[in-house]
Amino acid sequence: MLTIKIEEIPEEGLNLEWVEERDSISSYLKNFSNIDFDFETPLFSNVRVKKAGKSILIKGSVKTTLRLQCGRCLKEFLYPITTNFDLTFFSIKDFNFPEEVELSEEDMEMNFYEGSEIHLSEIAFEQVFLEIPYQPLCDKDCKGLCTFCGQDLNVSPCDCIKEEVSNSFSILRKLIKS
């Protein structure tokens, strides 16, 4: 896990490149309870870190390939990610926050660090998390599974007799009658 100490950032800035291997990523992700994907390839990251007054500017990119599960047909598929990011960090000790405050759009884009270092690996992981689709699909035209028999409709159509369900209780009525 790569971290950088704030006092070690030179005036002219710093360029860093690193690779997080799959084993390292897996051990880090064990801290999260709802991770339902795997890294297929290592995570390649590079950043430019520069001080700007009291803030720290971090501009970089990440590249990896994830193994996701399709939200319609449940097949695993590879999902390549390449993304750039541009973040500004402020020391949390420089801000006095009231207990409750309405955040502006500008406030929502602020990032904070606590202590004397910034965890660059965590920033890279966060960028990957932000790129994962809410409902991963193996293909935008994925037909999914038949809701009656479970047949993968991408492979072949099923022979189910599909009845028009007029309301959500019609299936329960059938079960009660049998």
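Residues numbered from 1 in each chain as written. Predicted model: local features only at pLDDT ≥ 70, side-chain atom pairs only at ≥ 80, totals over all residues. Heavy atoms only, no water.

1. Overview of the overall build of the protein
Broken down by element type, the protein carries four helices and eight strands. Taken from N to C terminus, the helices and strands of the protein fall in the order β-β-α-β-β-β-β-α-β-β-α-α. For the protein, contacts bridging at least 24 residues in sequence account for 59% of all contacts bridging at least 6. When the accessible area of the protein is evaluated, it comes to approximately 12,700 Å², of which 50% is carbon and sulfur surface. (Helix = DSSP H or I, 4+ residues; strand = E, 2+ residues; numbered from the N terminus. Contact = heavy atoms within 4.5 Å. Areas by Shrake-Rupley, 256 points an atom, 1.4 Å probe, with all protein chains shown as cover.)

2. Considerations on helix α1 (residues 22-29)
Of all the residues in α1, the buried ones are I25, Y28 and L29. Around the axis of α1, the buried residues are gathered within 95° of arc, so they sit on the same side. Buried residues belonging to α1 abut β2 (14-20), β3 (38-39), β4 (43-52) and α3 (120-131). (Buried < 20%, exposed > 50% of the residue type's maximum accessible area, 1.4 Å probe, protein only. Arc of directions from axis to C-beta.)

3. Thoughts on α3
Because each turn of an α-helix spans 3.6 residues, side chains separated by three or four positions end up pointing in the same direction. Under the 1.5 Å per step criterion, the end-to-end length of α3 is 17 Å for 12 residues, consistent within 8% with the ideal 16 Å. Taken as a whole, α3 has its buried residues at L120, S121, I123, A124, F125, Q127 and V128. (Expected span 1.5 Å × (residues − 1).)

4. Some points on the side chain of S91
In this structure, S91 sits in strand β6 (residues 76-91). Its relative accessible area of 5% is what places S91 among the buried residues. Beyond its immediate chain neighbours, meaning those up to four positions away, S91 contacts F112 and Y113.

5. Description of the layout of surface pockets
One number sums up the size of the second largest pocket: a volume of about 180 Å³. Lining the second largest pocket, in full, are F89, N111, F112, Y113, E114, E117, I118, H119, E122, I123 and E126. Listed by contribution, the elements that provide at least two residues to the lining of the second largest pocket are β7 (111-113), β8 (117-119) and α3. Residue composition of the lining of the second largest pocket, by class: five nonpolar, two polar and four charged. (1 Å grid on protein atoms, 1.4 Å probe; cavity = no way out; pocket = protein on both sides within 12 Å on 5 of 7 lines; lining within 4 Å. Points joined across faces, edges and corners; volume = space filled by probe spheres on them. Nonpolar A, V, L, I, M, F, W, Y, C, P; charged D, E, K, R; others polar.)

6. Examining the nonpolar core
Nonpolar side chains in soluble globular proteins tend to end up buried together. If you look at the biggest cluster of nonpolar residues, it comprises 32 residues, and the most contacted ones within it are F39, I56, I58 and I118. Ignoring any residue separated from it by four or fewer positions in sequence, one finds F39 in contact with R22, I25, L29, T64, T65, L66, F125 and V128. (Core = buried A, V, L, I, M, F, W, Y, C linked by side-chain atoms within 4.5 Å.)

7. Describing the pattern of salt bridges
As enumerated under the stated definition, the model contains four salt bridges in all. Between R67 and E40 there is a salt bridge, with the nearest N and O atoms lying 2.9 Å from each other. Taken together, the residues span a long stretch of sequence, with R67 in strand β5 (residues 55-69) and E40 in the loop between β3 and β4 at a distance of 27 residues. For K75, the salt bridge is made with D152, and the minimal N-O distance between the two is 3.1 Å. Of this pair, K75 sits in the loop between β5 and β6 while D152 sits in the loop between α3 and α4 (170-177); the two residues are 77 residues apart in sequence, bridging distant segments of the chain. Residue class for K75 comes out partly exposed when judged on its relative accessible area of 39%. Several salt bridges share partner residues, and in doing so they unite E40, R67 and E76 into one network. (Salt bridge = Lys/Arg side-chain N within 4 Å of Asp/Glu carboxyl O.)

8. A few points about the packing of aromatic side chains
Inspection of the entire model under this criterion finds five aromatic pairs. The interplanar angle of 70° and the centroid separation of 6.0 Å between the aromatic rings of F37 and F129 together place this pair among those described as edge-to-face. With a gap of 92 residues between them, F37 in the loop between α1 and β3 and F129 in helix α3 connect regions that are remote in the sequence. One aromatic cluster is present, formed by F37, F39, F125 and F129 through successive ring pairs. (Phe/Tyr/Trp six-rings, centres within 6.5 Å; stacked < 30°, edge-to-face > 60°.)

9. Thoughts on the environment of T3
Structurally, T3 is set in strand β1 (residues 3-5). Sequence-distant contacts of T3, that is, excluding residues within four places in its chain, are made with E117, I118, H119 and L120.

10. Some words on the pairing of β5
The pairing of β3 with β5 spans two bridges and is classified as antiparallel. The partner of F39 across the bridge, within β5, is L66. With nine bridges joining them, β4 and β5 adopt antiparallel strand pairing. Among the inter-strand pairings, S45 is bridged to a residue of β5, identified as V62. Where β4 folds back on β5, the antiparallel hairpin that results is connected by two residues, among which G53 adopts a positive phi of roughly 70°. Note that β5 and β6 share 15 bridges and pair antiparallel. Bridge assignment links K63 to a residue of β6, and that residue is T82. (Pairing = 2+ DSSP bridges.)

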